[in-house]
Amino acid sequence: MAVSLDTGSVASTVDGARRGFHERFGSEPAGVWAAPGRVNVIGEHTDYNDGFVLPMAIDRACYAAAAPRQDRTLRVYAAQLDETVEISLDALVGPGSAGDSRDAADPAMAPLAEPAVRGWAGYPVGVAWILQQAGFPVGGADVYLTSTVPVGSGLSSSAALECATALALAGVSGFELTTAELARHTQRAENIYAGVPCGPLDQMSSAFGQDGSVLYIDTRSGEVRPQPFDLAAENALLLIIDTRVSHAHGENGYADRRSACERAAEFLGVAALRDVSVAELPESFAKVSVGLGETFARRLRHVVTEDARVEQFVEILNQEPLSLPRLGHRMMQSHASLRDDYEVSAPELDLAVATAVAAGAHGARMTGGGFGGSAIALVDRDLLDDVRAAVVAAFAEHGYTEPQFFPAVASAGAHRIP
Ligand code: ADP
Ligand code: MG
């Protein structure tokens, strides 16, 4: 099955980016920079509540081949779309720049009313914009982007694109970005310029990824603790099931959940829902039910219990011997909470999860923001074919598009290709 890794693919993609750059721009790139997509193993919709997440960077990435230009033009070509955006860096000012009263420390900010470009180009141009805003000496550049991260599958193709672009711009302009700066500025570019109110999860995963580890992240402090996650030693793997249902139609749902959390936190008088403990939950649930309504209370319950599940998952990871059934159980609880309390799942995700577990997976859950995208299943290697066949059959029976499968391989974060 297609689950074995094609180890030649990174080299051929990098080579493709170099050749593509040459064909497009007629010269050699100064370098190639890569930034991975991610799967979130557990801890969903907690990142904008100052909570805990446990993602890993995967071996699918966006590659940016780039070279400096002598003028102040930024030209970016997106290979998957066969589209180019060209803009003067000097024109990349305006609302939100001079005299901006925004708090630069606030990671989630209102979108610009009139960004110079919209659509896909808003991601790379937004990165150039935010880096200039932050005072980095961004110079003119030609950038060729090509990506192996499926778009809109909940694996964070957007953060991969942003982080690859940011590193490429830094590389050809001759300035350095720390990993934390990379994550923070790319998130702000997505929030403000592209207008997507995402939390820090995606960009931190792409920036901080480590080979063989999941990242235990406290999104309030920004602390990242890599935890070894060696499923091969357990003869198991984390299988990504891409339902091929784009999550794009859920954009309003995401913003709605985010604002519901903010209202609940305000109502409870806490800075963020992270500040509500499991012990306080029954009382807080009752209060929010009466004051804001039961739907808000269920949103609250998801966030509080999900934060606790991340901590439990990490505890289990650190116990010997590693118990895959216990990890799987937490994944199932997470999925049920996202489906029933947070209401961000989709029929295809529920079917993938239920079928994978019925076929022998230790556990499964939707991953990413939901409303489509991907599920992940914790599977013993000898059951891989059974799980995949069962999911394919179930999707066919329901008349759903055939899903795609690939393993989640914990990989390095954004870096320059040597
Ligand atoms: P995801 O979960 O994949 O990050 P998003 O909706 O956040 O989904 O981001 C997807 C958007 O990011 C696309 O619609 C497109 O605008 C942009 N994007 C992602 N990858 C690419 C790419 N390879 N080329 C051009 N644009 C891309
Ligand atoms: Mg995204």
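Residues numbered from 1 in each chain as written. Chains lettered and ligands numbered in written order. Predicted model: local features only at pLDDT ≥ 70, side-chain atom pairs only at ≥ 80, totals over all residues.

## Quick look at helix 6 (residues 251-268)
Moving on, step 1. Relative to the 26 Å expected for 18 residues at 1.5 Å per residue, helix 6 spans 26 Å between its end C-alpha atoms, a close match to the ideal helical length.
Moving on, step 2. When we look at burial in helix 6, the residues that qualify are Tyr254, Arg257, Ala260, Cys261, Ala264 and Ala265. Along the axis of helix 6, the buried residues cluster in a sector spanning 130°; they form a single face. Those residues of helix 6 that are exposed and aimed more than 90 degrees away from the buried face are Asn252, Ser259 and Glu266.
Moving on, step 3. Trailing helix 6 by a residue or two, Gly269 shows a phi angle of about 75°, which is positive. (Helix = DSSP H or I, 4+ residues; strand = E, 2+ residues; numbered from the N terminus. Expected span 1.5 Å × (residues − 1). Buried ≥ 20, exposed ≤ 12 C-beta atoms within 10 Å, placed from the backbone. Arc of directions from axis to C-beta.)

## So, the site of ligand 1
Moving on, step 1. Neighbouring residues of ligand 1: 19 residues in total, closest Ala78, Trp120, Ser147, Ser157 and Ser158.
Moving on, step 2. Those elements that place two or more of their residues in the shell around ligand 1 are strand 5 (141-147) and helix 3 (157-173).
Moving on, step 3. For the shell around ligand 1, the residue count by class is 9 nonpolar, 10 polar and no charged. (Near = placed C-beta within 6 Å. Nonpolar A, V, L, I, M, F, W, Y, C, P; charged D, E, K, R; others polar.)

## So, the domain arrangement of the protein chain
Moving on, step 1. The domains assigned to the protein chain are domain 1 (7-225 + 412-416) and domain 2 (230-407).
Moving on, step 2. One C-alpha centre belongs to domain 1, the other to domain 2; they are set 26 Å apart.
Moving on, step 3. Between domain 1 and domain 2, the residue contacts involve 23 residues of the former and 35 residues of the latter.
Moving on, step 4. Secondary structure elements with two or more residues in the side of domain 1 that touches domain 2: strand 1 (31-42) and strand 2 (52-68).
Moving on, step 5. When its residues are assigned to classes, the side of domain 1 that touches domain 2 shows 10 nonpolar, 10 polar and 3 charged. (Domains from an automatic or database assignment. Contact = placed C-beta atoms within 7 Å.)

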